[in-house]
Amino acid sequence: MTYAVLGAAGQLGRDLCPRLAGDVVPLTRGQADLARPAELADTLGALRPDVVVNCAAYNFVDRAETEPEAAFAVNAWGVRALAITCRQLDCVLVHVSSDYVFGLEDNRRTPYAEGDAPGPVSIYGLSKLAGEYLVRALCPRHFVIRTCGLYGVWGSGGKGGNFVETMLDRARQGRALRVVADQVCTPTYTVDLAAALADLVATGRYGLYHLTNAGCCSWLGFAQAIFQLEGLRPDLSPVTSREYGAAARRPGYSVLAPTASTALGLPPLRPWQEALAAYLRERQAKK
Ligand SMILES: NC(=O)c1ccc[n+]([C@@H]2O[C@H](COP(=O)([O-])OP(=O)(O)OC[C@H]3O[C@@H](n4cnc5c(N)ncnc54)[C@H](OP(=O)(O)O)[C@@H]3O)[C@@H](O)[C@H]2O)c1
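Basis of the calculations
- Residues numbered from 1 in each chain as written.
- Predicted model: local features only at pLDDT ≥ 70, side-chain atom pairs only at ≥ 80, totals over all residues.
- Heavy atoms only, no water.
- Pairing = 2+ DSSP bridges.
- Helix = DSSP H or I, 4+ residues; strand = E, 2+ residues; numbered from the N terminus.
- Axes fitted to C-alpha atoms, helices over the stretch in contact; angles between N-to-C directions.
- 1 Å grid on protein atoms, 1.4 Å probe; cavity = no way out; pocket = protein on both sides within 12 Å on 5 of 7 lines; lining within 4 Å.
- Points joined across faces, edges and corners; volume = space filled by probe spheres on them.
- Nonpolar A, V, L, I, M, F, W, Y, C, P; charged D, E, K, R; others polar.
- Buried < 20%, exposed > 50% of the residue type's maximum accessible area, 1.4 Å probe, protein only.
- Contact = heavy atoms within 4.5 Å.
- Parallel < 35°, antiparallel > 145°, perpendicular 65-115°, else oblique.
- Left-handed = near helix turned anticlockwise from the far one by under 90°.
- Expected span 1.5 Å × (residues − 1).
- Near = heavy atom within 4 Å.
- Polar contact = N/O pair within 3.5 Å; in protein donor to acceptor, adjacent residues only side chain to side chain.
- Areas by Shrake-Rupley, 256 points an atom, 1.4 Å probe, with all protein chains shown as cover.
- Disulfide = S-S within 2.5 Å.
- Core = buried A, V, L, I, M, F, W, Y, C linked by side-chain atoms within 4.5 Å.

**Student:** Which residues make up the sheet that holds strand β3 (residues 51–54), and what values go with them?
**Tutor:** Taken together, 6 strands build an open sheet; the order of strands is β2-β1-β3-β4-β5-β10 and the sheet is parallel. Looking at the sheet topology across the chains shown, the edges are occupied by β2 (23–27) and β10 (207–210). When the angles between neighbouring strand axes are averaged without regard to direction, this sheet yields 20°. Bridging between strand β5 (residues 142–147) and β10 involves 4 bridges; their strand directions are parallel. When the bridges of β10 are listed, Val-144 appears paired with Leu-208.

**Student:** For empty space enclosed by the protein, give the residues involved together with the corresponding values.
**Tutor:** Gaps between atoms show up when a probe of the same size as a water molecule is rolled over them. Scanning all chains against the criterion turns up 1 cavity of 30 Å³ or more. By volume, the largest cavity is sized at about 40 Å³. Around the largest cavity, the lining residues are Asp-99, Tyr-100, Gln-183, Val-184, Cys-185, Trp-219, Arg-250, Pro-251 and Ser-254. The residue makeup of the lining of the largest cavity, split by class, is 5 nonpolar, 2 polar and 2 charged.

**Student:** Let's hear about unusual backbone geometry: which residues, and what values?
**Tutor:** Of note, Arg-48 is a non-glycine position whose phi angle comes to about 45°, a positive value. Tracing the backbone through its elements, the reader meets Arg-48 in the loop between α2 (37–47) and β3. Even without glycine at this site, Asp-90 takes up a positive phi of about 55°. Considering the arrangement of structural elements, one finds Asp-90 in the loop between α3 (68–89) and β4 (92–98).

**Student:** Give a detailed account of the environment of Leu-44, specifying residues and quantitative values.
**Tutor:** Within the secondary structure, Leu-44 is located in helix α2. Overall, the relative accessible area of 0% leaves Leu-44 in the buried class. When the C-alpha positions of Leu-44 and Thr-85 are compared, they lie 7.9 Å apart, and in sequence the two are 41 residues distant. If we ignore the near neighbours within four places in the chain, the residues touching Leu-44 are Ala-4, Leu-27, Pro-49, Val-52, Leu-82, Thr-85 and Leu-89.

**Student:** Quick rundown of the packing of α3 against helix α4 (residues 123–138)? Include the residues and the values.
**Tutor:** At a closest axis distance of 9 Å, the pairing of α3 and α4 adopts a crossing angle of 10°. Considered as vectors, α3 and α4 are oriented roughly parallel to each other. The way α3 lies across α4 gives a crossing that is right-handed. Note on element contacts: α4 touches α3 through Ile-123, Tyr-124, Leu-126, Ser-127, Lys-128, Ala-130, Gly-131, Leu-134, Val-135 and Leu-138, opposite Pro-68, Ala-71, Phe-72, Asn-75, Ala-76, Val-79, Arg-80, Ala-83, Ile-84 and Arg-87. Looking at the contact of α3 with α4 residue by residue, the class counts come to 14 nonpolar, 3 polar and 3 charged.

**Student:** Quick one: what's the story with the packing of helix α5 (residues 163–172) against helix α10 (residues 272–286), residue by residue and with numbers?
**Tutor:** Closest axis-to-axis distance for the α5/α10 pair is 12 Å, and the angle between their directions is 65°. Of the possible angle classes, the one that applies to α5 and α10 is roughly perpendicular. Seen from above, α5 lies across α10 with right-handed handedness. Facing Val-164, Glu-165, Leu-168 and Arg-172 of α5, the residues of α10 in contact are Leu-276, Tyr-279, Leu-280 and Arg-283.

**Student:** Help me get a handle on α4, residues and values and all.
**Tutor:** In an α-helix, one turn spans 3.6 residues; hence positions three or four apart end up facing the same way. Counted at 1.5 Å a residue, the expected span for α4 with its 16 residues is 22 Å, and the 22 Å between its end C-alpha atoms agrees. Three or more residues of α4 are buried, namely Ile-123, Tyr-124, Gly-125, Ser-127, Lys-128, Leu-129, Gly-131, Glu-132, Leu-134, Val-135 and Leu-138. Looking at the buried positions of α4, the neighbouring elements they touch are α3, β4 and β5.

**Student:** Outline the site of the ligand, listing residues and values.
**Tutor:** Close contacts around the ligand come from 28 residues, with Arg-29, Asp-33, Leu-34, Tyr-124 and Lys-128 the closest. Between the ligand and Gln-11 there is a distance of 2.9 Å, counted from an oxygen atom to a backbone nitrogen or oxygen. In this structure, Val-96 approaches the ligand through a main-chain N or O atom, which is 3.2 Å from an oxygen atom. A total of 900 Å² of accessible area belongs to the ligand in isolation, and the protein chains cover 89% of it. Among the secondary structure elements, those contributing two or more residues to the shell around the ligand are α1 (11–16), β4 and α4.

**Student:** Could you give me a rundown of the state of the cysteines, with the residues and numbers involved?
**Tutor:** Counted under the stated rule, the structure contains 0 disulfides. Cys-148 carries a free sulfur, and the closest cysteine sulfur to it, the one in Cys-185, is 3.7 Å from it. A relative accessible area of 5% places Cys-185 in the buried class.

**Student:** Kindly report on the nonpolar core, identifying the contributing residues and their values.
**Tutor:** Ranked by internal contacts, the top residues of the largest apolar core, which has 33 residues, are Leu-6, Leu-44, Val-52, Leu-82 and Leu-93. Contributions of two or more residues to this core are made by β1 (2–6), α2, α3 and α4. The dominant element in this core, judged by the number of residues it contributes, is α3, at 9 residues. When neighbours within four sequence positions are excluded, Val-52 is seen to be in contact with Ala-4, Leu-6, Leu-44, Leu-82, Cys-86, Cys-91, Val-92, Leu-93 and Val-94.

And the structure:
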């Protein structure tokens, strides 16, 4: 089995490549750019992989509000070109999507199953939903995998780090922290997602899946858990999304239920608290 992985230099891509069973060709943006569909088709045509995994995305959630064309160029039109190429090459496409395809249901407080109707509240979420639909419509042999709140030791290139590192840096600088308390989701460790994604793809059971660590918390709750595990006591206070004032709206609740993978008999990912503790150990070991 040969895999080509787009976005291989990102935080998920880096944790995924070593966990795929087979020959893996990691592709950075320079080698496979979703915004350059013709070159992308040539690159994949020369490689002829069995499976293409797309970990690449435009993921500037706030900036997308003022540059929707840039978000759609990568997350929708680039993904459309990728889906068409994969169908032409008769290879499987594994595409990573987001909990931000949800959010429109203001009063929602139960986890979303794969069959629930999406409703994004941001341009980024809309562009990711468009990408999902294009994969599902254009490439029959696909996995679309929605996940949430990623953090890994490689950090998100686009966002420059991850939430855990941002919290620890600011706390160690003695800065006061205001963290949003009215957005509930499931922070997910890229190592856990990578392993579960590799196991899911190995089943050959195509479709739409939710994969996150288990349980849920607000970003404030996540920050509190980080500081507790690290023995820090920063000046931490809750804010509402409105007070925080980000350019893009986020879902108030976007917990994803792994209904489809559970039906296949795959085990749930471990609880987010255990995953966070494992991440903190991994980052310590890497120092
Ligand atoms: N991060 C989260 O919290 C989160 C939550 C839910 C879902 N997701 C989804 O999970 C996937 C992986 O996210 P991540 O956190 O690993 O992101 P990441 O660390 O920012 O990695 C994304 C990668 O995509 C590359 N990229 C950007 N534009 C590209 C283009 N036009 N063509 C090819 N490559 C391009 C980036 O390359 P450069 O380094 O050159 O910019 C980067 O290496 C994405 O689909 C994202 O939407 C993420």
